[in-house]
Structure formats: C-alpha cells, structure tokens
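The lines below spell out each chain.
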Amino acid sequence: MNKRKTAMLLLGAGLMMVPQFAFGRTLGTVTADVLNVRAKATTNSSVVKKVYAKESIKVIDLVGISDPWYQVDLGSTKGYVKREYLNLTMADGSVTATSLNIRSYPDVNKSKVIGSLKNGTKVEVLYKVNGFYKIMINGSAGFVSSQYIDCEYDAYLPTQALKNVGVISVWTGGTGTSSSTNNSTNTNNSTSSSKGEQIVQTAMKYLGNPYVYGGTSLTNGTDCSGFTQGVMKIHGISLPRTSSEQSKVGTSVTKANIQKGDLLFFGTSASAISHCGIYIGNGEMIHASTPETGIIISEAFECGNLDLQVIRRVV
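A. Fine view of the overall build of the protein. Counting its regular elements, the protein contains four helices and 23 strands. At a minimum sequence separation of 6, the contacts of the protein that also span at least 24 residues come to 61%. Accessible surface, the protein as shown: approximately 15000 Å² in total, 49% of it carbon and sulfur.

B. Layout of the packing of aromatic side chains. Applying the stated criterion to the full structure yields one aromatic pair. Centre to centre, the rings of Tyr279 and Phe301 are 6.1 Å apart; their planes meet at 25 degrees, and the pair counts as stacked. In this pair, Tyr279 is assigned in strand β19 (residues 272–281) and Phe301 in the loop between β21 (294–299) and β22 (302–303), connecting sequence segments 22 residues apart. Judged by relative accessible area, which is 8%, Tyr279 ranks as buried.

C. Summary view of the pairing of strand β7 (residues 78–82). Within β7, four of the five residues are buried, which leaves the element mostly enclosed by the surrounding structure. From the end of strand β6 (residues 69–73) to the start of β7, which pair antiparallel, there are four residues, and Gly75 there has a positive phi angle of about 95 degrees.

D. How the structure looks around the environment of His287. Mapping His287 onto the fold places it in strand β20 (residues 284–290). Placed 84 residues apart in sequence, His287 and Ala203 show a C-alpha to C-alpha distance of 8.7 Å. What His287 contacts, discounting residues up to four positions off in sequence, is Phe227, His275, Cys276, Gly277, Gly294, Ile295, Ile296 and Ser298. Within polar-contact distance, the side chain of His287 engages the side chain of Ser298 at 2.6 Å.

E. Molecular detail of the pairing of strand β11 (residues 122–129). The buried fraction of β11 amounts to seven of the eight residues, a majority that puts the element mostly inside the structure. Taken together, the four bridges between strand β8 (residues 86–95) and β11 define a ladder with antiparallel strand orientation. Counted as the bridge partner of Ser94 is Lys122 from β11. With five bridges connecting them, β11 and strand β12 (residues 132–137) associate as antiparallel partners. When the sheet's bridge partners are listed, Glu124 is paired in β12 with Met136.

F. Looking closely at the nonpolar core. Counting 69 residues, the largest nonpolar core has Ile149, Phe227 and Ile286 as its most contacted members. Setting aside residues no more than four positions away along its own chain, Ile149 makes contact with Gly93, Ser94, Val95, Thr96, Leu100, Val123, Val125, Tyr133 and Val144. Among the nonpolar cores identified, the runner-up in size contains eleven residues, and Phe266, Met285, Cys303 and Leu308 belong to it.

G. View of the environment of Val30. The topology assignment puts Val30 in strand β2 (residues 27–30). Note on Val30: relative accessible area 3%, which makes it buried. Here the alpha-carbon distance between Val30 and Ser56, two residues 26 residues apart in the chain, equals 6.6 Å. With residues up to four places along the chain from it excluded, the contact list for Val30 reads Leu35, Val51, Tyr52, Ala53, Lys54, Glu55, Ile57, Tyr85 and Leu86.

H. Spatial organisation of the side chain of Ser145. Among the secondary structure elements, Ser145 is positioned in strand β13 (residues 140–145). Classification of Ser145 by relative accessible area gives buried; the value is 19%. Ignoring sequence-local partners within four residues, the contact set of Ser145 consists of Gly131 and Phe132.

I. View of the pattern of salt bridges. Overall, the coordinates contain five salt bridges when judged by the stated rule. A salt bridge links Lys128 to Asp154, with the shortest nitrogen-to-oxygen separation between them at 3.7 Å. Of the two residues, Lys128 sits in strand β11 while Asp154 sits in the loop between β14 (149–150) and α2 (192–204), which places them 26 residues apart along the sequence. The exposure class assigned to Asp154 is partly exposed, which follows from its relative accessible area of 29%. The partner of Asp262 in a salt bridge is Arg313, with the nearest N and O atoms 2.9 Å apart. Of this pair, Asp262 sits in the loop between β17 (251–252) and β18 (263–269) while Arg313 sits in strand β23 (residues 306–313), placing them 51 residues apart in sequence. For the pair Asp262 and Arg313, one class covers both residues: buried.

Cut-offs and rules
- Residues numbered from 1 in each chain as written.
- Predicted model: local features only at pLDDT ≥ 70, side-chain atom pairs only at ≥ 80, totals over all residues.
- Heavy atoms only, no water.
- Helix = DSSP H or I, 4+ residues; strand = E, 2+ residues; numbered from the N terminus.
- Contact = heavy atoms within 4.5 Å.
- Areas by Shrake-Rupley, 256 points an atom, 1.4 Å probe, with all protein chains shown as cover.
- Phe/Tyr/Trp six-rings, centres within 6.5 Å; stacked < 30°, edge-to-face > 60°.
- Buried < 20%, exposed > 50% of the residue type's maximum accessible area, 1.4 Å probe, protein only.
- Pairing = 2+ DSSP bridges.
- Polar contact = N/O pair within 3.5 Å; in protein donor to acceptor, adjacent residues only side chain to side chain.
- Core = buried A, V, L, I, M, F, W, Y, C linked by side-chain atoms within 4.5 Å.
- Salt bridge = Lys/Arg side-chain N within 4 Å of Asp/Glu carboxyl O.

Below, the structure written as structure tokens:
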C-alpha cells in the first residue's frame, strides 16, 4: 500500500503520528510576497532567511499533519516554511510498469505514442491532468498514465485543466533507466553555457502549455515575451515586459556563437520586434507561439513571415 495512504488510514484510526516524506528533488514556488524560513517547524522559531514571491526552492521533507510545514534546502541554509505558502512545481517519480508509453496528449483516444520508458526510470512529475502526469526527463516532456508512476507527493502536485493543455509532438528523452534523470548541471562549469542549460530545462517544463495574448502565467497562459520573462525570472534575471524592450537587454550574440538559453527576437526589422523565443540547442527554440499551438519547439532561425533580427545573451 502507498506510504501516504497508509499514514492517512492510521491517522483516521486515531493514531497520532508525524509523517516524514523524503522529497528528494521536489521543488516549490513561493506564493507569499515575503516568506520566513524558520529554524524549526513553528512560528515561534527564529527566522534564518527570507525568500520572496515566485522563487523556486528545493523541498526536503514534509513534517506535521494538522499544521504541516515543508523542510527546505536553500543551499547554504536549511529550514522550514509553512506548506500553504509553497506550491509544488516538480516532484520525483518512478516508473512501475515494465514499459510505459509516453503520449503526446493526456487522452488515450486523442493522442499518439511518442516514446516509452523502462521500469524503474526516474522522472520529474510536473502536474496532474485527466488521469495523467506531465513528466520530464533531461528537458524532454510528455504525458504518462499516473497509474504507472510511483509519486509519493501526488496529493500536493498542481492539477491542470485539460482545456489548457497542448499537444507535445516530439519526445527526445530516450527510454530511460533508473538513473536516467539528469539531476545536476556540471558544477565545474560556471559559464553562461552552464546557466543556459538550466534555463532550457526550466523552459521545457512548460512545453505544451497554452498561449494567451497579454498573459504572463507559465502554466495557465502566456504570450511570447511573458514566457521569456517568466522563465528568466525563475533564474533571478529581470527582463522588461515586451519583446521589443527585451531585445535591447544583455549582450548581442551572432548565430555562430549562440548558446542554449540565449534569446531570439524576430520582426520586420531590428526596430520592429514582435516575437521572441529561447534557444534550446540543435537549431531549435522553445516559444509561446499562437493560441492554436501554445508553447512549442520549432526551428530557431525562422518564424513565419518574420525574420530573425537580434540574438541576446542575458546570463
């Protein structure tokens, strides 16, 4: 029986217990304007650090039942935050089926199989939708039946409405093994290329999410510049709101020197920018394209009838 279900049954029988769930690589986003990180899981405990709205932080554990707290790891500091002020955005999971199909859309009758995963493969679970999980491995995203993923944190993951989910046509994450998830970036490489890899991994989490003109929500709907602004903000990089303004930030880059995480800007001229995206390597970019397609991957140096005008590096 699932550990979390066991704990709930025991609690219902009147046994007092405090669960300790190891959350590994689970991440959460701060929802409060300012959130106190405390030395212990109580409001009477001393504040060891403050974190701010939309910051992404690592969750280590969940402690308490009637008054639950997350234990968090901030790198140099560990502490506790109230659970209601942190929304989980990613959680570890593991494939339990012998072979698990990855689908383009969270509906068996309206999707195609774009890949498969072996038993024991570690995945990053992003959200729940229509009996499926949106998962990611090494920057590639797809949908799998939640029935065949062991994810202890299911109850705390966000749920997405089916109408807000787009089609993911390509899977490049391989078939996986128990150690397939790339859990870290090379810590010996502190260059902009290393940072760019992290930006791409973040951007890929939102692949297939909806496009909304004027929107800035990476999950519920964003336009092209809202997408680039939101992804960069997660990494502590502040960008202006519009693609035209963003095209003037950072350092100019040539095609020959382009790196993952660089920003591409399109328009009829350099002074008339109207679209943007994030370079993900191999001649491709991820961008919030149109209301019909949502956030997609496409060829990096072409964009309909618009020409590539500017490439900027902001990391």
